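Spelled out from the first residue to the last, the chains are:
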Amino acid sequence: MTELAFVVMPFLLVIAFVLRRKSESQLRGADVEMLNQAQVQTRRLEERVDHLERILDEDVPGWRTRATT
């Protein structure tokens, strides 16, 4: 039984490796581009929020404590 496993196991590993590579390459096309765009948009939104918080800190001191109560 163990001899059969030693013979079959390399073939199963090669098949698993090929299938894994194939699925990874399918995800790299449009999905990666969408993820990149989402990441850029997220950075822009974070910058906007930071900027707005700085403006509020200057114009409305203590706004953070009032917003949480």
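What you see is a predicted model; the values in this text were computed from it and never measured. (Residues numbered from 1 in each chain as written. Predicted model: local features only at pLDDT ≥ 70, side-chain atom pairs only at ≥ 80, totals over all residues. Heavy atoms only, no water.)

Asks: Help me understand the overall build of the protein in this model?
Replies: A count of helical and extended segments in the protein gives 3 helices and 0 strands. Ordering the α and β elements of the protein from the N terminus gives α-α-α. Burial analysis of the protein (69 residues in total) assigns 1% to the buried set. Split by element, the accessible area of the protein, about 6,600 Å² in all, is 64% carbon and sulfur. (Helix = DSSP H or I, 4+ residues; strand = E, 2+ residues; numbered from the N terminus. Buried < 20%, exposed > 50% of the residue type's maximum accessible area, 1.4 Å probe, protein only. Areas by Shrake-Rupley, 256 points an atom, 1.4 Å probe, with all protein chains shown as cover.)

Asks: How should I be thinking about the pattern of salt bridges in this particular structure?
Replies: In a structure, side chains of opposite charge can pair up when their charged atoms sit close to one another. A full pass over the atoms with the stated rule returns 2 salt bridges. Between Arg-64 and Glu-53 there is a salt bridge, and its shortest N-O distance comes to 3.8 Å. With a gap of 11 residues between them, Arg-64 in helix α3 (residues 63-68) and Glu-53 in helix α2 (residues 30-59) connect regions that are remote in the sequence. When its relative accessible area of 24% is taken as the criterion, Glu-53 is described as partly exposed. Note that Asp-57 is salt-bridged to Arg-64, the shortest N-O span being 3.1 Å. Asp-57 gets classed as partly exposed once you look at its relative accessible area, which sits at 36%. You can call Arg-64 partly exposed: its relative accessible area is 39%. Linked through salt bridges whose partners overlap, the residues forming this network are Glu-53, Asp-57 and Arg-64. (Salt bridge = Lys/Arg side-chain N within 4 Å of Asp/Glu carboxyl O.)

Asks: Explain the confidence of the model for the protein here, please?
Replies: Taken over all residues, the pLDDT of the protein has a mean of 79, while the share at 70 or more is 75%. When mean pLDDT is compared element by element in the protein, α2 scores highest at 88, while helix α1 (residues 2-27) scores lowest at 70. (pLDDT = per-residue confidence, 0-100.)

Asks: Explain a nonpolar patch on the surface here, please?
Replies: A contiguous nonpolar patch, built from Val-8, Met-9, Leu-12, Leu-13, Ile-15 and Leu-19 and spanning about 570 Å² of accessible area, is present on the exposed surface. Its place among the elements puts Met-9 in helix α1. (Patch = residues over 30% accessible without salt bridge, like charges linked within 9 Å, V, L, I, M, F, W, Y side chains within 5 Å.)

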